Amino acid sequence: MANLFQMARTVALSCAFALPAGLSLADAKKVYWQDLMVAAEPIENPFAKLETEQLQRLARLLRYETEQPGVLDVEIKEEIKTLRSGLAAEGLDVDWLFEQRLIIMAANEKANTQPNEELVGKEIKLAGYVLPLEFNGLRATEFLLVPTVGACIHVPPPPANQMVYVTYPKGVELTGLYDPVWIEGPLESEILNHDITYSDGAGEVTVSYKMVADSVLEYSQ
């Protein structure tokens, strides 16, 4: 729970791919994954100044006050009073800190989902890895393009603006999930949710971009 008070933002790795032979930049702009992100608005993080032990007490207090089902027992009610009075004695405004937590979470969510409007509607080229969603025979006709190998399968999903939902009616035949590709087409913005199967279960991911691809080409140096 202490992590709830730390301003952490997932930074997706840039795919520094070379342009394959025969692919012209005249038709589309080559972009990298960091180009899809928007610079986060500067925001002060009051939790950065607190000691680890204070963060732990705040996290415990938050858990008691927001996650305990039903009626709190007498012992926990007493602990809540003790935690609040102890933190107040140290000069901490607990309610204000909890409000700042929500503001920070909202800012992080915005930074992780907001599309780069300068690229929306533009013809782009982007390299990444295919996470198939729909097949026509052996060819993937719908997929997520993700910046790193195994994203959404072996690790938590990237931020929403670090994935592109791609439809490609011609379909792309996959030789493996570890082989990068180039996609080319008009980049559009729409918040979409997709069900994904993980290595240890299933879940839903949110994606900020979509594209009806003009081409999907095997990546080569």
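Residues numbered from 1 in each chain as written. Predicted model: local features only at pLDDT ≥ 70, side-chain atom pairs only at ≥ 80, totals over all residues. Heavy atoms only, no water.

What follows concerns the confidence of the model for the chain. Caution applies to low-pLDDT regions: their predicted coordinates should not be interpreted in detail. For the chain, the mean per-residue pLDDT works out to 84, and 82% of the residues sit at or above 70. Within the chain, the lowest mean pLDDT, 87, falls on strand E6 (residues 188-198), and the highest, 97, falls on strand E5 (residues 181-186). Contacts from residues 1-25, a stretch scored under 50 in pLDDT, to residues over four places away or in other chains number 69 contacts. (pLDDT = per-residue confidence, 0-100. Helix = DSSP H or I, 4+ residues; strand = E, 2+ residues; numbered from the N terminus. Contact = heavy atoms within 4.5 Å.)

Attention now moves to the packing of aromatic side chains. Working definition: an aromatic ring pair is given by the centre-to-centre distance plus the angle between the planes. Counted by the stated rule, this structure contains zero aromatic pairs. The aromatic ring of Tyr64 is capped on one face by Arg63, whose charged end is 5.5 Å from the ring centroid. (Phe/Tyr/Trp six-rings, centres within 6.5 Å; stacked < 30°, edge-to-face > 60°. Lys NZ or Arg CZ within 6 Å of the ring centre and 35° of its normal.)

With that out of the way, let us pick up the nonpolar core. Leu36, Leu126, Phe143, Leu145, Val164, Ile183 and Val216 are the most contacted members of the largest nonpolar core, which has 21 residues in total. For this core, the secondary structure elements donating two or more residues are strand E2 (123-136), strand E3 (139-146), strand E4 (164-173), E5 and strand E7 (201-212). Ranked by the residues each element gives to this core, the list is headed by E4, at four residues. Those residues in contact with Val216, other than ones at most four positions away along the chain, are Phe143, Tyr168, Val172, Val181, Trp182 and Ile183. (Core = buried A, V, L, I, M, F, W, Y, C linked by side-chain atoms within 4.5 Å. Buried < 20%, exposed > 50% of the residue type's maximum accessible area, 1.4 Å probe, protein only.)

Attention shifts here to the pattern of salt bridges. The tally for this structure, following the rule as stated, stands at eleven salt bridges. A salt bridge links Arg57 to Glu90; its shortest N-O distance comes to 2.8 Å. One end of the pair, Arg57, is in helix H1 (residues 52-67); the other, Glu90, is in the loop between helix H2 (74-89) and helix H3 (94-113), and 33 residues separate them in sequence. For Glu78, the salt bridge goes to Lys81, with nearest N and O atoms at 3.9 Å. Of the two residues, Glu78 and Lys81 both sit in helix H2, three residues apart, roughly one turn of that helix. The class for Lys81 is exposed, based on a relative accessible area of 55%. (Salt bridge = Lys/Arg side-chain N within 4 Å of Asp/Glu carboxyl O.)

The next thing to look at is the pairing of E2. Pairing of strand E1 (residues 29-30) with E2 involves two bridges; the strand directions are parallel. Residue pairing across strands places Lys29 opposite Ile124, the latter belonging to E2. Note that E2 and E5 share six bridges and pair antiparallel. The partner of Lys125 across the bridge, within E5, is Glu184. (Pairing = 2+ DSSP bridges.)

Next up on the list: the packing of H1 against H2. Two elements in contact, H1 and H2, have axes separated by 10 Å at closest approach and are oriented at 140°. Considering their axes alone, H1 and H2 lie oblique with respect to each other. You can see that H1 and H2 cross each other, and the crossing is left-handed. Taking contact as the criterion, the partners of Gln54, Arg57, Leu58, Arg60, Leu61, Tyr64 and Glu65 in H1 are, on H2, Ile76, Glu79, Ile80, Leu83, Arg84, Gly86 and Leu87. The class makeup of the residues in the contact of H1 with H2 is seven nonpolar, two polar and five charged. (Axes fitted to C-alpha atoms, helices over the stretch in contact; angles between N-to-C directions. Parallel < 35°, antiparallel > 145°, perpendicular 65-115°, else oblique. Left-handed = near helix turned anticlockwise from the far one by under 90°. Nonpolar A, V, L, I, M, F, W, Y, C, P; charged D, E, K, R; others polar.)

Quick look at H2 now. For H2, which comprises 16 residues, the first-to-last C-alpha distance of 23 Å matches the rise-based estimate of 22 Å (1.5 Å per residue) to within 8%. Taken together, the buried positions of H2 are Ile76, Ile80, Leu83 and Leu87. End-on, the buried residues of H2 take up no more than an arc of 65°, which puts them together on one face. Away from the buried face of H2 by more than 90 degrees, exposed residues Val74, Glu75, Lys81, Thr82 and Ala89 are located. (Expected span 1.5 Å × (residues − 1). Arc of directions from axis to C-beta.)

Helix length check: H1, at 16 residues, gives a terminal C-alpha distance of 21 Å against a target of 22 Å (1.5 Å per residue), a fit within 8%. Listed as buried for H1 are Gln54, Leu55, Arg57, Leu58, Ala59, Leu61, Leu62 and Tyr64. In the core, the buried residues of H1 are packed alongside H2 and H3.

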